[in-house]
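Chain residues, written in single-letter form:
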Amino acid sequence: MSTTTTRGVASSPAPAKVSQDRPRRGLRANSTVNFWLFTGPFLIGLVIFVFVPIGWSLYLSFFEARFTVTPSEFIGLENYKQILSDSDFRNSLVTFTVFAAFIVPTTWALSLGLALLVNRLRFMRAFFRSVFFLPTAVSYAAAALIWKMSIFNGVRFGLANTVLSWFGVDNVAWLGNPDPPWYWLVIVTVRLWLQAGFYMILFLAALQNIPKELYEAASLDGAKPGWQTFRYITLPQLRSTSTAVILLLLIAAYQAFDEFFILLGKATWGMPPLVELYKMALGENQNYGAGSAGALILTALICLVTLLQGKIMGFGRGDESQ
C-alpha cells in the first residue's frame, strides 16, 4: 500500500510555474517610439502655434511695440493701463455681456429642446440628428454673408423684409443703425443656427446615458410623464453636461469675431473685444504691445469666468445627480 501511494504521489505532474518574466526591453522601446511618433507632431504644433505666441504676446505687452514685433523699449504696465482706459475696449466688454445674455441661455434651451425631440423619435433619428448637426460644418464667415446678403440685407428683396411685407410692415434696416438694435436679432440667429446642433449632440449623448430604471421607478411612484419627470429626473441627470455646455458657450461668446466683423463692417458700435483688439493691433496704428496686453486681459477674464462658473455649478463632480 505504501509503495503504491508513494508511486502515485511521485507520478503526479508538478504544478506549472507562473511566468514572472518582465516584458522585453525591445517591446517597451517600441511602445515609447510609437507614442512619440503619434503625439510628437501634435506637441510640436501646440508649442509652435499656441505656447510660443502666448509667450511672445506676454513679452510684447511690456514693450512699446508699434509697427514692430521685435521691440527694445521696455515700458512696464503702460500697455495694460492704456487698454483698460480705452473706452472702446470697455464698451466691447459691455457688448460681450449683452451678447452672452442673449446667446448662452437661448442656445442652451434650443439645444436641449432639439435633443429631447430627437431622443423621442422612433424612426429616422439618425436623419434628423444629421440635419440639425449639419450647420456646424458651415464656416462663420459664410453663414454671416448669407445672413447679411440674403436674409437680413435691409432691402425689400431680402427674405426677412419680404415676409414682413406680406403683413404690411415696411422695410427694416436690420444692420443700418444701433437704434433700434435690430442687429442683435441678426447676430444671435446666425450664431444659434451655427452652434445649436453641436450642443444638441452633447445633450443627446447624455440623455441616452440616463438609466431607464429611474423613469420606471418614478412611474411606479406616481410621477406623471412630462414636466415632472423632466424636472426631477432628466434635468438633474444633465447637470454636468449643462455645466460643460454653458462653459463652452461663454468661452465661444468671448471669442466672437467673424459674424460681428462681417455683419457690422466698419461700424463703431456693437463690437466685441476681439474686434477691438484686432483694430488696435492690426489697424492704422498697429500697436502690437497694447493689443497683446488686451489679449492677455481677455484670456484672464475667460479663465476667471470659467473657474467661477465651474465652481458655482459644481463642474467635475462624479455624480451628476448631486
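Here, the structure is the one placed above.
Keep in mind the model is a prediction, meaning the values are calculated, not measured.

A. Focus on the packing of helix α9 (residues 212–220) against helix α10 (residues 227–237). Two elements in contact, α9 and α10, have axes whose closest approach is 11 Å; the angle formed by their N-to-C orientations is 160°. Put simply, α9 runs roughly antiparallel to α10. The two elements α9 and α10 meet at a crossing, and its hand is right-handed. Here Leu 214, Tyr 215 and Ala 218 of α9 come into contact with α10, specifically with Thr 229, Ile 233, Thr 234 and Gln 237. Residue composition of the contact of α9 with α10, by class: four nonpolar, three polar and no charged.

B. Inspection of the packing of aromatic side chains at higher detail. Under the definition given, this model contains 22 aromatic pairs. For the ring pair Phe 62 and Phe 74, a centre distance of 6.5 Å and an interplane angle of 25° mean the geometry is stacked. Of this pair, Phe 62 sits in the loop between α2 (25–60) and α3 (78–85) while Phe 74 sits in the loop between α2 and α3, placing them 12 residues apart in sequence. Residue classification places Phe 62 among the partly exposed positions, given a relative accessible area of 25%. On the basis of relative accessible area, Phe 74 is assigned to the exposed category, the value being 57%. An aromatic cluster is present here, built from Trp 56, Tyr 59, Phe 62, Phe 63, Phe 74 and Tyr 80 joined pairwise through their rings.

C. Region of interest: helix α6 (residues 140–151). Its 12 residues give α6 an end-to-end C-alpha distance of 15 Å, which sits within 8% of 16 Å, the value for a rise of 1.5 Å per residue. Turning to α6, its buried residues number three or more, namely Ala 143, Ala 144, Trp 147 and Ile 151. Seen along its axis, α6 keeps its buried residues to an arc of 100°; they face one direction. If you follow the buried residues of α6, they end up packed against α7 (159–165), α8 (183–208) and α12 (258–264).

D. Structural context of the layout of surface pockets. In this structure, the largest pocket occupies an estimated 770 Å³ of space. In this structure, the largest pocket is lined by 20 residues; those nearest its centre are Asn 119, Arg 120, Lys 212, Tyr 215 and Thr 234. Residue classes in the lining of the largest pocket are distributed as eight nonpolar, six polar and six charged. Every residue lining the second largest pocket is counted, 17 residues in all, and those nearest its centre are Asp 88, Thr 268, Trp 269, Met 271 and Glu 276. Ranked by residues supplied to the lining of the second largest pocket, first place goes to helix α4 (residues 87–120) with six residues. Partitioning the lining of the second largest pocket into residue classes produces eight nonpolar, five polar and four charged.

E. Structural context of the packing of helix α11 (residues 239–254) against helix α14 (residues 288–313). Where α11 meets α14, the axes come as close as 10 Å, and the angle between the chain directions of the two elements is 165°. Considered as vectors, α11 and α14 are oriented roughly antiparallel to each other. In this structure, α11 crosses over α14, and the sense of that crossing is right-handed. Counted together, Arg 239, Thr 243, Ile 246, Leu 247, Leu 250, Ile 251 and Tyr 254 of α11 and Leu 298, Leu 301, Ile 302, Val 305, Thr 306, Gln 309, Gly 310, Ile 312 and Met 313 of α14 form the full contact between these two elements.

Calculation rules
Residues numbered from 1 in each chain as written. Predicted model: local features only at pLDDT ≥ 70, side-chain atom pairs only at ≥ 80, totals over all residues. Heavy atoms only, no water. Axes fitted to C-alpha atoms, helices over the stretch in contact; angles between N-to-C directions. Helix = DSSP H or I, 4+ residues; strand = E, 2+ residues; numbered from the N terminus. Parallel < 35°, antiparallel > 145°, perpendicular 65-115°, else oblique. Left-handed = near helix turned anticlockwise from the far one by under 90°. Contact = heavy atoms within 4.5 Å. Nonpolar A, V, L, I, M, F, W, Y, C, P; charged D, E, K, R; others polar. Phe/Tyr/Trp six-rings, centres within 6.5 Å; stacked < 30°, edge-to-face > 60°. Buried < 20%, exposed > 50% of the residue type's maximum accessible area, 1.4 Å probe, protein only. Expected span 1.5 Å × (residues − 1). Arc of directions from axis to C-beta. 1 Å grid on protein atoms, 1.4 Å probe; cavity = no way out; pocket = protein on both sides within 12 Å on 5 of 7 lines; lining within 4 Å. Points joined across faces, edges and corners; volume = space filled by probe spheres on them.

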